[in-house]
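Architecture and fold: a report
Chain by chain, the residues:
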Amino acid sequence: MAIKKSELYSSLWRSCDELRGGMDASQYKDYVLVLLFIKYVSDKYAGIPYAPITVPEGAGFKDMVALKGKPDIGDQINKKIIDPIDKANKLSIAVDFNDPVKLGSGKEMVEKLTSLIAIFENPALDFSKNRAEGDDILGDAYEFLMRHFAVDSGKSKGQFYTPAEVSRIIAQIIGIRDANTRSNTTVYDPTCGSGSLLLKVGDEASAKVTLYGQEKDAATSGLARMNMILHDQATALILQGNTLADPKFKDGDLLKTFDYVVANPPFSDKRWSNGVDTGNDPYGRFKHFGTPPDKQGDYAYLLHIVRSLKSTGKGACILPHGVLFRGNAEAEIRRNLIRKGYIKGIIGLPANLFYGTGIPACIIVIDKEDAHARKGIFMIDASSGYMKDGNKNRLRAMDIHKIVDIFNKRLEIPKYARMVGFEEIEKNEFNLNLPRYIDSQEPEDQQDIEGHLRGGIPVADIDALQRYWAVCPNLKTALFKDNRPGYLDLAVDKTAIKSGIYGHPQFAAFIAGMNAHFEAWRSKWSGNGNGNAEPQPGLAPQIEEPRQPYAKRLHTTLKQLAPGHHPKELIAALSENLLAHYTGKALIDKYDVYQHLMDYWAETMQDDCYLIAADGWKAETYRIIEKDKKGKEKDKGWTCDLLPKALIVARYFAGEQKAINQLETGLETVSAQMGELEEEHGGEEGIFSGFDKINKASVADRIKEIAGNGNAEPQPGKKPAVGSAELGLGAPDEIAVLKTWLKLSGEEAALRKKQKDAEAALDALAYAKYPELTETEIKALVVDDKWLASLSAAIHGEMDCISQALTLRVKELAERYETPVPQISLRVEALEAKVNGHLQKMGFAWN
């Protein structure tokens, strides 16, 4: 059975536990990623002629396994595994597996490396199998590790990784997606780090392009080379060196130029000028623009990008917000870039996105092709669109899609995006600080003085809710009534606002319409709607052309997914279709709906689709075996990844589950009655006060004690029994309470046993049902009962959010103006007089 994608990630992350504590994450990442690389290329290419990667004889992962436990394991890994693979492929792997400072010495190193290798021996991590060919499972795993390493590395060492969300934005806005790319189309990243940004751009191209990258750090450049191979970009050329002082990509004495250039350089690099002839740059990077300040390298990298672009080239660079408004030399450079027309757009990002810094950054988009015709710069302030993720902020799928849509379509959205002409920029002295052009601040809620003095809700506040009244025009008159010109009163009681909204015919019609709207989309993708024939067994998605956008290639429903389908392309088609389906719908934000799908994809559906891509529609159960600290295995039951037990029970054994639920209700009732009895007769002088522990045995013993001799000595270990005289009860009364408790205890035990037996019987029924399921039944359960039902619940929840938002706003306005200031003053005076009266009675009077 194929491993779930999430399990692959967690399995790889567990390997990091073997190294944590001995070194910083920025160091131990090298060991884990090198091992991942060795395992992958060994499984995929060992012994295969003309493979893109050479795995020399004796240098594969199985040879590394043979070194486990050997006293010189670190030295042997270096000599027998790393060096041969490194030399055969010119990777420059700068990782020492025999470093006692990082790995410990002697037995510690042996155990650490042996355990690390053992994790990669997991049979599920067999990369020789074809898993959804075309989907970059290993590359995604690499990216998962890099992101977590960046988080663990802390503030100063996360520069080796550009957040994937930002990389995706850049890849989708520089124009490569719609360009007629070929193998000779070139993409370059002068500060490529581990290569994630470069790869994202390559993935967006309609055909495979040629990738180039340069990275200053030797170890990170080695990781970038391995990353290229893991992403099926073995021909990418990654060179090591200082890009500004020693650029490696040149045509003679000039810089080589490329079709696309992207970069995430170190922010405000104070040492950028080391080794650079700033007065007479041989590559002409500062000519016509100006020389950046010695201690501020942001524009040095941007000008390197500009110089590295062809005359029709396009690029993007991530830089701190300061480049938009800082003065002196940088102001001059900015002015010259604007006058040249090279800056196509600016996208302001939220703060605290990047692992190396918490300051806000922006994306500067460069386009030389249309520079002379450019009349302005398209600006987006996306600083408020993000979610918290631990101690960092992260862009959601909806934030990325919104940025890309609006930038590529040049949509002007108030408080978010607009085209700013050069004349306006010049009036602002070429200062590009986004708040000068986009006021993204939410307006403060205005307080109406007359409303506070005389009462009544201002009509202006009600009119501000026009988007609701446009959908439900009669709802406004149902909720409000006239007070005086310009002011309204609430027409219903405050407690009835919610029911008044939910129950209004027009709002109910809106909800029904939105539900029907989703059902139309659901039927289309489930294959249950009109015009969708039953899926043919084994039918795979029809492919028109390789690498054509999946939305144009997929002619299938979810039930027609077949082994070998591409999950990444499926979610692209599915999400774009859902987004289009909700475009233009009133009150509901299509990006909110889109986010629900993307969240569910990440949590559940992605793993399911990869399982189907690998194994087909198989609902196979397996035992859950856990090991304790001593290595002893314990059976914790069974499960099925694709088809959880709850779905089988709901579809086939609802009656049995209902009976169990009734037993559970009865059990809760009896337990509550016992609790009430214990509470009623507890306390220091209660019947149960003499019990160390209230259970069946102790209660039975107490009954015997009273029946045998009401004044008998208590049994050892018990508190003295409370006499019936002290209780105010006779012995028969006390026995009656205790017997009642004992009876309830017996009922509780009987119900608990019945429940346990019923659950075991249901578990057996469900377990036995799996082998009987047909492929058609599995598809219906997974697609209808699992995927689309979960998505339906999430999207229908958006309707609740809409009604809640309106309810809360109406209630807020009603409460704000329900008591005019004069009434408050009179109430205060009355209360003051009352207090003074009480004080006078107490013999105190104010002077």
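Remember, it's a predicted structure, so these values are computed and weren't measured experimentally. (Residues numbered from 1 in each chain as written. Predicted model: local features only at pLDDT ≥ 70, side-chain atom pairs only at ≥ 80, totals over all residues. Heavy atoms only, no water.)

The helix and strand tally for the protein chain stands at 30 helices and 18 strands. Out of the 847 residues in the protein chain, the part that is buried amounts to 48%. Long-range contacts, defined as pairs at least 24 residues apart, comprise 74% of the intrachain contacts of the protein chain with a sequence gap of at least 6. Of the roughly 40,600 Å² that the protein chain leaves accessible, carbon and sulfur atoms contribute 51%. (Helix = DSSP H or I, 4+ residues; strand = E, 2+ residues; numbered from the N terminus. Buried < 20%, exposed > 50% of the residue type's maximum accessible area, 1.4 Å probe, protein only. Contact = heavy atoms within 4.5 Å. Areas by Shrake-Rupley, 256 points an atom, 1.4 Å probe, with all protein chains shown as cover.)

Before going further, it helps to examine the sheet that holds strand 15 (residues 480-484). Taken together, the three strands give an open sheet; going across it, the order is 14-16-15, and neighbouring strands pair in antiparallel fashion. Each edge of the open sheet is held by one strand with a lone partner, namely strand 14 (457-458) and strand 15. As paired elements, strand 14 and strand 16 (residues 487-490) share two bridges and run antiparallel to each other. Bridge pairing in strand 16 places Pro 458 opposite Tyr 487. (Pairing = 2+ DSSP bridges.)

Where helix 23 (residues 590-615) bends most, the angle comes to about 60 degrees, and this point is Trp 601. Positive backbone phi, at 85 degrees, marks Gly 616, one or two positions downstream of helix 23. (Bend = angle between axes of the 7 residues up to and from the residue.)

Attention now moves to the nonpolar core. With 70 residues, the main nonpolar core has Trp 469, Phe 480, Leu 558, Leu 643 and Trp 787 as its most contacted residues. The residues touching Trp 469, leaving out its near neighbours within four places in the chain, are Ile 462, Leu 475, Lys 476, Leu 479, Phe 480 and Leu 806. If you look at the next biggest cluster of nonpolar residues, it comprises 55 residues, including Val 41, Tyr 45, Phe 97 and Leu 145. (Core = buried A, V, L, I, M, F, W, Y, C linked by side-chain atoms within 4.5 Å.)

Direction vectors running N to C along helix 13 (residues 397-409) and helix 23 enclose 135 degrees, while the axes themselves pass 8 Å from each other. In this view, helix 13 runs oblique relative to helix 23, as classed from their interaxial angle. Handedness of the helix 13/helix 23 crossing: right-handed. Here helix 13 contributes Ala 397, Met 398, His 401, Lys 402 and Asp 405 to the contact with helix 23, which in turn contributes Tyr 591, Asp 592, Tyr 594, Gln 595 and Met 598. (Axes fitted to C-alpha atoms, helices over the stretch in contact; angles between N-to-C directions. Parallel < 35°, antiparallel > 145°, perpendicular 65-115°, else oblique. Left-handed = near helix turned anticlockwise from the far one by under 90°.)

We now examine the confidence of the model for the protein chain. For the protein chain, mean pLDDT is 87; residues scoring 70 or higher make up 88% of the total. When the criterion is pLDDT under 50, residues 530-555 qualifies, and its contacts beyond four places in sequence or with other chains add up to 42 contacts. Predicted confidence is poor over residues 711-729, with pLDDT under 50, and the contacts of this stretch with residues over four places away or in other chains come to 34 contacts. (pLDDT = per-residue confidence, 0-100.)

Across four bridges, the pairing between strand 15 and strand 16 is antiparallel. Looking at strand 16, one finds that Lys 481 is bridged to Asp 489. The antiparallel hairpin formed by strand 15 and strand 16 contains two residues in its connecting segment, where Gly 486 sits at a positive phi of about 90 degrees.

What follows covers the pairing of strand 2 (residues 210-215). In terms of burial, strand 2 is a largely internal element, five of the six residues being buried. Sheet topology places strand 1 (residues 186-189) next to strand 2; four bridges connect them, and they run parallel. Across the sheet, the residue bridging to Thr 186 is Thr 210, located in strand 2. Taking the sense of rotation as the criterion, the β-α-β connection linking strand 1, helix 9 (residues 196-204) and strand 2 turns out right-handed. Two strands pair when backbone bridges link them, and strand 2 and strand 3 (residues 237-240) are joined in this way by four bridges, in the parallel orientation. Within strand 3, the position partnered with Tyr 212 by the bridge is Leu 237. Tracing the backbone out of strand 2, into helix 10 (residues 218-230) and back to the parallel element strand 3 gives a crossover that is right-handed. (Right-handed = clockwise from strand over helix to strand, strands pointing away.)

All chains considered together, the criterion is met by 20 aromatic pairs. Ring centres of Phe 378 and Phe 407 lie 5.9 Å apart, and the angle between their planes is 75 degrees; on these two criteria the pair is classed as edge-to-face. Remark: Phe 407 occurs in helix 13 and Phe 378 occurs in strand 10 (residues 376-381); sequence separation between them is 29 residues. Classification of Phe 407 by relative accessible area gives buried; the value is 0%. Look at Phe 688 and Phe 691: their rings are 5.7 Å apart centre to centre, the planes differ by 50 degrees, and that puts the pair in the tilted class. Here the two residues Phe 688 and Phe 691 agree in accessibility, since each one is buried. Three or more aromatic residues joined by ring pairs form one cluster here, namely Tyr 188, Tyr 212, Phe 249 and Phe 258. One residue, Arg 484, lies across the ring of Tyr 487, its end atom 4.1 Å from the ring centre. Looking at Arg 623, its charged tip hangs above the ring of Tyr 767, at a distance of 5.9 Å from the centre. (Phe/Tyr/Trp six-rings, centres within 6.5 Å; stacked < 30°, edge-to-face > 60°. Lys NZ or Arg CZ within 6 Å of the ring centre and 35° of its normal.)

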